[in-house]
Amino acid sequence: MKPTSPLGRLRDGLVLVAFLLYATPFLWQLLTAFKPEAELMMLPPLLPTRLTWEHFRAVLDQSVILVNSLGVGAITTALALTFGLFGAYGLTRYPIPGKGLLLLFIVAGTAFPQIATVSPLFLLLRALGLRDTWLALILANTSFALPLVIWLLTGFLQEVPAQLEEAAAVDGASRPRAFRWIVLPLLAPGLASAALLTFLFSWNEFLFAYTFTATEASRTVPVALALFPGVFEVPWGDIAAASMLASVPPVILVIVLQRYLVRGLLGGALRE
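So, here's what we can say about the structure.

Cut-offs applied
One numbering rule holds for all chains: residues counted from 1, following each sequence as written. In keeping with the model being predicted, local features are shown solely for residues with a pLDDT of at least 70 and side-chain atom pairs are shown and tallied solely at 80 or more, while totals for entire chains, interfaces and linings include all residues. Processing note: side-chain calculations cover all non-hydrogen atoms of the structure and skip hydrogens and water entirely. In this text, helices come from DSSP runs of H or I with a minimum length of four residues, and strands from runs of E with a minimum of two, each type numbered from the N-terminal end. As a reference, a globule follows 2.2 Å times the number of residues to the power 0.38, and the radius of gyration itself is taken over C-alpha atoms. To estimate how far a helix should extend, the number of its residues minus one is multiplied by 1.5 Å. Exposed residues in this analysis have more than 50% of their type's maximum accessible area, buried residues have under 20%, and partly exposed residues fall in between, with area computed by a 1.4 Å probe over protein chains only. The pocket and cavity definitions rest on a 1 Å grid over protein atoms only: a 1.4 Å probe that fits but cannot leave marks a cavity, an open set with protein on both sides within 12 Å along at least five of seven lines marks a pocket, and residues lining either have an atom within 4 Å of a point. Grid points are joined across faces, edges and corners, and a volume is the space filled by probe spheres set on the points. Under this grouping Gly is polar, as are all residues other than the nonpolar Ala, Val, Leu, Ile, Met, Phe, Trp, Tyr, Cys and Pro and the charged Asp, Glu, Lys and Arg. Contact criterion: two residues are considered in contact whenever any of their non-hydrogen atoms come within 4.5 Å of each other. Whenever a carboxyl oxygen of Asp or Glu lies within 4 Å of a side-chain nitrogen of Lys or Arg, that contact is scored as a salt bridge. Lines fitted to C-alpha atoms define the axes here, with helix axes fitted over just the stretch in contact, and angles between the N-to-C directions of these axes take values from 0 to 180 degrees. Angles are sorted into four bins: roughly parallel if under 35 degrees, roughly antiparallel if over 145, roughly perpendicular if 65 to 115, and oblique for all others. Each crossing is labelled by how the near helix is turned from the far one, with a counterclockwise turn of less than a right angle marking it left-handed and a clockwise turn marking it right-handed. What makes a patch is a set of residues exposed beyond 30% relative accessible area and free of salt bridges, joined within 9 Å when like-charged and within 5 Å when nonpolar (Val, Leu, Ile, Met, Phe, Trp, Tyr). Method for areas: the Shrake-Rupley scheme with a 1.4 Å probe, in which residue coverage is limited to the protein chains shown.

## Details of the overall build of the protein
For the protein, the helix and strand inventory stands at 13 helices and zero strands. For the protein, the α and β elements follow one another from N to C terminus as α-α-α-α-α-α-α-α-α-α-α-α-α. Whereas a compact globule of 272 residues would reach a radius of gyration of roughly 19 Å, the protein reaches 23 Å, over 25% beyond that. Across its three principal axes, the protein shows a C-alpha extent of roughly 75 × 70 × 30 Å.

## Considerations on helix 9 (residues 188–204)
In this model helix 9 runs 24 Å from its N-terminal to its C-terminal C-alpha over 17 residues, within 8% of the 24 Å that 1.5 Å per residue would give. Counted residue by residue, helix 9 has 13 buried out of 17 residues, so it is predominantly covered.

## Observations regarding empty space enclosed by the protein
Empty space among the atoms becomes visible once a probe the size of a water molecule is rolled across them. Throughout the structure, instances matching the rule amount to one cavity of 30 Å³ or more. In this model, the largest cavity occupies a volume close to 100 Å³. As for the largest cavity, its lining consists of Val59, Gln62, Ile65, Leu66, Val221, Ala224, Leu225, Phe228 and Ala242. Elements with a minimum of two residues in the lining of the largest cavity: helix 3 (64–93) and helix 11 (221–226). Among the elements that take part in the lining of the largest cavity, helix 11 stands out by supplying three residues, more than any other. Taken together, the residues that form the lining of the largest cavity break down as eight nonpolar, one polar and no charged.

## As for the environment of Ser218
With respect to the helices and strands, the residue Ser218 is situated in the loop between helix 10 (207–212) and helix 11. A residue is classified by how much of its surface remains accessible, and Ser218, at 0% relative accessible area, is buried. Here the alpha-carbon distance between Ser218 and Ile65, two residues 153 residues apart in the chain, equals 7.3 Å. When residues no more than four places from it in sequence are discounted, the contact partners of Ser218 are Asn68, Asp132, Thr133, Trp134, Leu137 and Thr213.

## A look at the pattern of salt bridges
The full count for this structure, using the stated rule, is two salt bridges. Asp12 is paired through a salt bridge with Arg11; the nearest N and O atoms lie 3.9 Å apart. Using a relative accessible area of 44% as the deciding quantity, one classes Asp12 as partly exposed. Between Arg93 and Glu165 there is a salt bridge, and its shortest N-O distance comes to 2.5 Å. Here Arg93 is found in helix 3, whereas its partner Glu165 is found in helix 7 (residues 162–170), with 72 residues between them in sequence. Taken as a pair, Arg93 and Glu165 share a single burial class, namely buried.

## Describing the packing of helix 1 (residues 6–34) against helix 12 (residues 236–256)
Packing of helix 1 against helix 12 leaves a shortest axis separation of 8 Å and a crossing angle of 120 degrees. By the angle class used here, helix 1 and helix 12 are oblique. As helix 1 runs across helix 12, the sense of the crossing is left-handed. Where helix 1 abuts helix 12, its residues Phe26, Gln29, Leu30, Thr32 and Ala33 lie against Trp236, Gly237, Ala240, Ala241, Ser243 and Met244. Of the residues that constitute the contact of helix 1 with helix 12, the class distribution is seven nonpolar, four polar and no charged.

## A closer look at the packing of helix 3 against helix 8 (residues 175–186)
A pair of packed helices is captured by two measures, namely the crossing angle of their axes and the spacing between those axes. Running from amino to carboxyl end, helix 3 crosses helix 8 at an angle of 100 degrees, the nearest separation of the two axes being 14 Å. For the element pair helix 3 / helix 8, the angle class is roughly perpendicular. Note on element contacts: helix 8 touches helix 3 through Arg175, Phe179, Val183 and Leu184, opposite Leu85, Phe86, Tyr89 and Arg93. Residue classes in the contact of helix 3 with helix 8 are distributed as six nonpolar, no polar and two charged.

## Thoughts on the side chain of Thr142
Within the secondary structure layout, Thr142 lies in helix 6 (residues 134–157). When sequence neighbours within four positions are dropped, the list of residues in contact with Thr142 reads Thr76, Leu79 and Ala80.

## Some remarks on a nonpolar patch on the surface
Taken together, the side chains of Leu7, Leu10 and Leu14 define a hydrophobic patch exposed on the protein surface, amounting to about 340 Å² of accessible area. Among the secondary structure elements, Leu7 is positioned in helix 1. Using a relative accessible area of 64% as the deciding quantity, one classes Leu7 as exposed.

Written as structure tokens, this is what we have:
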């Protein structure tokens, strides 16, 4: 094994220091989540004298909020991927006049900031009786995520040769069957990337969730975190515990999709 040069050791040390600096806020939140209430404002000691689960219990008593975020994020991701996949497939495989201009208009839909559309959406959802429901958040989040999913999947579908489907048709496979058994497996990295981006957008979305919800029946994690501080005190331990729990689903999703994400990144890097 070739020994590491001094320059290499210096580089590794700098990377480690940079990682520790980057991870400091996370580690501080983790320590705060396990500190007893009486020690939260004590410096020193930095480390808690004993570990407590009180803050996590307080957050899990409101677990409906985590369920709301998971439900809204999962359904939004499923809808955006379903409609986005069919939209991207149509743009890629069918002779649609001006498809380039049409795709440009679709992507341009993401240029409108949320603050410019939240008022009319609020009036529309209230008129339909959908305020303070999952459906309100799902429709709003899907409408913003769908253009990005279509654009992203269109790029991946353009790299899947249409000749593969033509060869399957020659062998007697119908278009849906060729789509199921040929296109979808090759498109897995793109679907994983689009799913992750859509879920993270929905999980972290604040403006729509704050405007369209009124009670814990549909309130999501970002809004709950913003409303944690009380009038006379700030429950730092509960906020830290909620932040830790809110980080778990995205991390699990990245771990599950890691293999496909790496393939998607490599595929994007090797495109000609």
